[in-house]
Amino acid sequence: MKRLLLSLAVLLTSAMAFAGEGMWIPMLLQYNEKEMQEMGMRITADDIYSINHSSLKDAIVLFGGGCTGEIVSDYGLLFTNHHCGYDWIQRHSSVEHDYLTDGFWAYDRSQELPCPGLTVTILREMRDVTEQVLFEVTEEMTEEKRQATITENMKRIIAEVEKTTDYKVSIKPFFLGNEYYLLLNEVFTDIRLVGCPPSNIGKFGGDTDNWVWPRHTGDFSIFRVYADKDGHPAEYSADNVPYKPVQHLQISLKGADEGDFAFVFGYPARTSEYLPAVAVDQEANVIDPIAVRLRGEILDIYNTYQEQDRKVRIQYASKHAGLGNGWKKWMGVTEGINRFHGVEKKRFYEESFQEWCLGSRLRYLYINLLKNFEAKYKELEPYKVAYTYLTNAGLNIEIIGFAGNFNKLSEVTKETPQEEVDKMLASLKKASAEFFKNYHQPIDEEVARAMLTEYLQNQPADFRPDFLNDIADVNAYVAMLFEKSMFTDEEKVNDLIDNFKPIKAKKLQKDPALVAYQSMIRFYREEINPKMKPINDELAQMQRLYMKGQMLMEPDKRFSPDANFTLRVTYGKVEGFRPQDGKNYRHFTTLEGIMEKENPEIYDYVVEPKLKQLYNNKDYGRYADKDGSMHVAFTASVHTTGGNSGSPILNADGQLLGLNFDRCWEGTMSDLVYDPSICRNISVDIRYVLFIIDKFAGARNLIAELDIAE
């Protein structure tokens, strides 16, 4: 019976790889083309990725450092998610100009708002450089020697390519270091905010609805890419002009019907699909629950203060969103892994892998892998827990994190070159202005009391920073910290920066917030990292070997590499899902659902009066579905993860259907274990986006420059 169950599990695992799973390298998409066309695609792999002519890849961008966007006009207009543009919307917001609450629309280009520091990256070409990168690398090498050889090889390859191009050149590992690809990217630095809906549209449902289906969120924002007059990337200048892309996306008004083929083109950040069972178990049932508990306490504190003060709500909006996103996702990961037996499925697969290892003496390299994984992850666990407390408790005390910016300044002496000091001071001046603009001390004091109490109660003395072991009374320590530290006082901080002399560095070293920061960093550098690094190095070597073994065991299976913030294509079908008995969700939601959720007493469920008027009048224009309703969002069985936020979801003709913005709660485990029956991505319907731009905001200037297919 066990043998039968094992066989069924292996068959299931193999079958799952062809059911929406996989983040595919676009330059190799010809190997997926037949399957994609059998599923309904009407374009070719060459239409999606080509270096010989313009293709869809030329319209897809890495937005900032963590999202995807897409160019949708000949004038560099760019769509991404509202939550991807959130930091930039928040930075431009104030009580007088509350763009988070009221939205923002540029009705001509002179009104567009510069976003210094924001970048947009466009991939121009990928090249397989595996052979060159692994030149003279052998299995007998230590991990340290291997990495040193690879690093030197990559430096040499990059230097040679840089002689022939103005693009930014980098090399990324794939398949856990079994393959390497070179990337040629063009990076634009003059990006401007063009439009965003009010948060009651762009973030409708807030944290309550986050990661949950049904969703009714108009999660979009609009930016524009600018270039110099020759079309090249340039720093902000009033003389810059809208970037003219070689390709932009056409927009479809036909909508997404059940069973339609769809694909997502974007920059997924990180998946770990090929980890052993012990690693998945540790992540889902040890590490994630700790982070969830700590972040949950902080979010409760944020909520209390944000509900009482409009200014504080704006100040902490981005911080809340950042903490809350991971908090809720990790809860879903734990629930999904356990409820859908993710660890057990991994162990079934590992049994078959072990049998394969024993099937030939030539596979001796792989025989002890799984046993060694168990030992190494057990050894790693206490250090990983310690690191989780450090990053989620200690460094989430804002005053301590802010003080850390001044650590290098505290080491300045008379011998430090003045040019270096001036550069530090200029950077700190900017950091100080940003910090105090979004800082509310009562919140930070309460967070400090909660997090330091958690730390002391749950981590042994030798697994926490030294300064914590000197605390006899948390309340007394926190009172002292905020009373004596200069980092709560903007005037004192600016005085230090404006009138800095090397003699002040010694006084700075005694500040209790900086002392706490230095203790945390010292703890990481001297106690945690030296213990974790050799274990992680061994695990990396073992994981690379395990990946190679899996590919040898299943030579006919198409493997897709884990996400690593490089451009990928994922595909599946538009479809609803049934996450549990009695729940059967259709694939789309409508504006009617927003009205049903309305609650004027809860900020996240306030409905904009203009939106309600449009609904009551059924004034949807040409953006209504053929059923007469205004569709808001839809689900599909397309494999996505963080970084795919803002990615276009495209139809069989490569036309824009919507903007991917989330996953269903039940399927958030897909970074570790993918289950095609419940893993669904969520996208805002592009017709709802256009409806808001046109009918709600009246920004017809933006509609006019789009390429819309009726």
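Residues numbered from 1 in each chain as written. Predicted model: local features only at pLDDT ≥ 70, side-chain atom pairs only at ≥ 80, totals over all residues. Heavy atoms only, no water.

Student: Describe in detail the overall build of the protein, supporting the description with residues and values.
Tutor: Counting secondary structure elements, the protein contains 25 helices and 22 strands. Compactness check: the protein gives a C-alpha radius of gyration of 26 Å against a globular reference of 27 Å for 710 residues, within 12% of the reference. Projected onto the principal axes, the alpha-carbon positions of the protein cover approximately 75 × 70 × 60 Å. Out of the 710 residues in the protein, the part that is buried amounts to 58%. Considering only residue pairs separated by 6 or more positions, the protein has 79% of its internal contacts joining residues 24 or more positions apart. (Helix = DSSP H or I, 4+ residues; strand = E, 2+ residues; numbered from the N terminus. Rg over C-alpha atoms; globule rule 2.2 N^0.38 Å. Buried < 20%, exposed > 50% of the residue type's maximum accessible area, 1.4 Å probe, protein only. Contact = heavy atoms within 4.5 Å.)

Student: Tell me about the nonpolar core, and please be specific about residues and values.
Tutor: Core analysis: the biggest nonpolar cluster contains 108 residues, and Ile-48, Phe-79, Leu-591, Leu-611, Tyr-688, Phe-691 and Ile-693 have the highest contact counts within it. With eight residues, helix H24 (residues 686–696) is the largest single contributor of residues to this core. Apart from the residues within four sequence positions on either side, Leu-591 is in contact with Leu-611, Tyr-615, Tyr-620, Met-630, Val-632, Tyr-688 and Phe-691. In this structure, Phe-373, Phe-435, Ile-471 and Met-669 belong to the second largest nonpolar core, which totals 97 residues. (Core = buried A, V, L, I, M, F, W, Y, C linked by side-chain atoms within 4.5 Å.)

Student: Can you lay out helix H12 (residues 317–339) for me, pointing to particular residues and giving the numbers?
Tutor: Counted at 1.5 Å a residue, the expected span for H12 with its 23 residues is 33 Å, and the 32 Å between its end C-alpha atoms agrees. In the segment just after H12, His-341 is the residue with positive phi, at about 60°. (Expected span 1.5 Å × (residues − 1).)

Student: Please give an account of the side chain of Gln-306 that cites residues and values.
Tutor: Structurally, the position occupied by Gln-306 is in helix H10 (residues 277–308). Using a relative accessible area of 12% as the deciding quantity, one classes Gln-306 as buried. If near-sequence neighbours (up to four positions away) are discounted, Gln-306 is found in contact with Val-312, Arg-313, Tyr-316, Ala-317 and His-320.

Student: Please give an account of the pairing of strand S18 (residues 631–636) that cites residues and values.
Tutor: Most of S18 sits inside the fold, with six of its six residues counted as buried. Sheet topology places strand S17 (residues 588–590) next to S18; three bridges connect them, and they run antiparallel. For Thr-589, the partnering residue across the bridge sits in S18 and is Ala-633. Relative to strand S21 (residues 681–685), S18 runs antiparallel, the two sharing four bridges. Residue pairing in the sheet places Thr-635 in a bridge with Ile-682 of S21. (Pairing = 2+ DSSP bridges.)

Student: So what about unusual backbone geometry? Which residues, and what values?
Tutor: What is expected of a backbone is that most residues other than glycine have negative phi and most peptide bonds are trans. Looking along the chain, the bond that leaves Trp-213 and enters Pro-214 is cis, with omega of 10°. Mapped onto the elements, Pro-214 comes out in the loop between helix H9 (206–209) and strand S10 (221–227). In this structure, Glu-136 takes a positive phi of about 70° despite not being glycine. Looking at the secondary structure, you find Glu-136 in the loop between helix H6 (130–133) and helix H7 (143–162).

Student: Which residues make up the pattern of salt bridges, and what values do they have?
Tutor: Applying the stated criterion across every chain yields a total of 39 salt bridges. The shortest N-O distance in the salt bridge between Glu-705 and Arg-224 comes to 3.0 Å. Highlighted residues: Glu-705 in the loop between helix H25 (700–704) and strand S22 (708–709) and Arg-224 in strand S10, separated in sequence by 481 residues. With a relative accessible area of 1%, Arg-224 lands in the buried category. (Salt bridge = Lys/Arg side-chain N within 4 Å of Asp/Glu carboxyl O.)

Student: I'd like a rundown of helix H4 (residues 82–91), residues and numbers included.
Tutor: Along H4, seven of the 10 residues are buried, which leaves the element largely enclosed by surrounding structure. Among the residues of H4, those classed as buried are His-82, Cys-84, Gly-85, Tyr-86, Trp-88, Ile-89 and Gln-90.

Student: Explain a negative patch on the surface to me, using residue names and the numbers behind them.
Tutor: Among the surface-exposed residues, Asp-462, Asp-466, Asp-470, Glu-526 and Glu-527 lie close enough to one another that they form a single negatively charged patch. What makes Asp-462 exposed here is its relative accessible area of 56%. (Patch = residues over 30% accessible without salt bridge, like charges linked within 9 Å, V, L, I, M, F, W, Y side chains within 5 Å. Areas by Shrake-Rupley, 256 points an atom, 1.4 Å probe, with all protein chains shown as cover. Lys, Arg positive; Asp, Glu negative; His and termini not counted. Charge placed at Lys NZ, Arg CZ, Asp CG, Glu CD.)

Student: Hey, could you go over the pairing of strand S14 (residues 568–573) for me, with residue numbers and the actual values?
Tutor: The two faces of the sheet receive side chains in turn, since in a regular strand these alternate between them. Taken across its six residues, S14 has five buried, putting it largely inside the fold. Where strand S13 (residues 261–266) and S14 come together, six bridges link them in antiparallel fashion. Looking across to S14, one finds that Phe-263 is bridged to Tyr-571.

Student: So what's going on with the side chain of His-216? Which residues, and what values?
Tutor: Locating His-216 in the fold gives a position in the loop between H9 and S10. On the basis of relative accessibility, which here comes to 6%, the residue His-216 falls in the buried class. Within polar-contact distance, the side chain of His-216 engages the side chain of Lys-597 at 3.0 Å. With residues near it in sequence (within four places) discarded, His-216 still touches Phe-204, Thr-589, Thr-590, Gly-593, Ile-594, Lys-597 and Val-632. (Polar contact = N/O pair within 3.5 Å; in protein donor to acceptor, adjacent residues only side chain to side chain.)

Student: Hey, could you go over the packing of aromatic side chains for me, with residue numbers and the actual values?
Tutor: Pairs of aromatic rings are described using the distance from one ring centre to the other and the angle between the two planes. Per the stated rule, a full pass over the model turns up 31 aromatic pairs. When the ring of Phe-373 is compared with that of Tyr-377, the centres are 6.3 Å apart and the planes differ by 35°; the resulting orientation is tilted. Note that Phe-373 and Tyr-377 are positioned in helix H14 (residues 369–392) at a spacing of four residues, about one turn of the helix. Its relative accessible area of 8% is what places Tyr-377 among the buried residues. Ring centres of Tyr-383 and Phe-463 lie 5.4 Å apart, and the angle between their planes is 45°; this geometry places the pair in the tilted category. (Phe/Tyr/Trp six-rings, centres within 6.5 Å; stacked < 30°, edge-to-face > 60°.)

Student: Describe the state of the cysteines, listing the residues and the values that go with them.
Tutor: Within the structure shown, the criterion is met by one disulfide. Through a disulfide, Cys-67 is tied to Cys-84; the S-S separation comes to 2.2 Å. Taking the torsion about the sulfur-sulfur bond, which here is approximately -80°, the covalent link between Cys-67 and Cys-84 counts as left-handed. A residue pair is termed long-range when its members are at least 10 positions apart, and Cys-67 in strand S2 (residues 67–71) and Cys-84 in helix H4 qualify at 17 residues. The class of Cys-84 is buried, set by a relative accessible area of 9%. Considering cysteine sulfurs only, Cys-115 is the nearest to Cys-196, which forms no disulfide, with 10 Å between them. Since its relative accessible area comes to 0%, Cys-196 is described here as buried. (Disulfide = S-S within 2.5 Å.)

Student: How would you sum up the packing of helix H23 (residues 609–616) against H24? Please name residues and give values.
Tutor: In contact at an axis separation of 11 Å, H23 and H24 are set at 105° when each is read in the N-to-C sense. Viewed along their axes, H23 and H24 adopt a mutual orientation that is roughly perpendicular. On H24, the residues that touch Lys-610, Leu-611 and Leu-614 of H23 are Tyr-688, Phe-691, Ile-692, Lys-695 and Phe-696. (Axes fitted to C-alpha atoms, helices over the stretch in contact; angles between N-to-C directions. Parallel < 35°, antiparallel > 145°, perpendicular 65-115°, else oblique.)

Student: Just give me the short version of the confidence of the model for the protein, but keep the residues and values in it.
Tutor: Parts of the prediction with low pLDDT should not have their coordinates interpreted in detail. Summarising the model, the protein shows a mean pLDDT of 94, and 97% of its residues fall at 70 or more. Segment residues 1–19 is flagged for pLDDT under 50; beyond a separation of four residues in sequence, or across chains, it makes 20 contacts in the model. (pLDDT = per-residue confidence, 0-100.)

Student: Just give me the short version of the environment of Arg-313, but keep the residues and values in it.
Tutor: Following the sequence through the fold, Arg-313 ends up in helix H11 (residues 310–315). Between the C-alpha atom of Arg-313 and that of Gly-342, which follows or precedes it by 29 residues, the distance is 38 Å. Those residues in contact with Arg-313 that lie beyond four places of it in its chain are Asp-98, Thr-101, Gln-306 and Tyr-603. A distance of 3.0 Å separates the side chain of Arg-313 from the side chain of Tyr-603, its partner in a polar contact.

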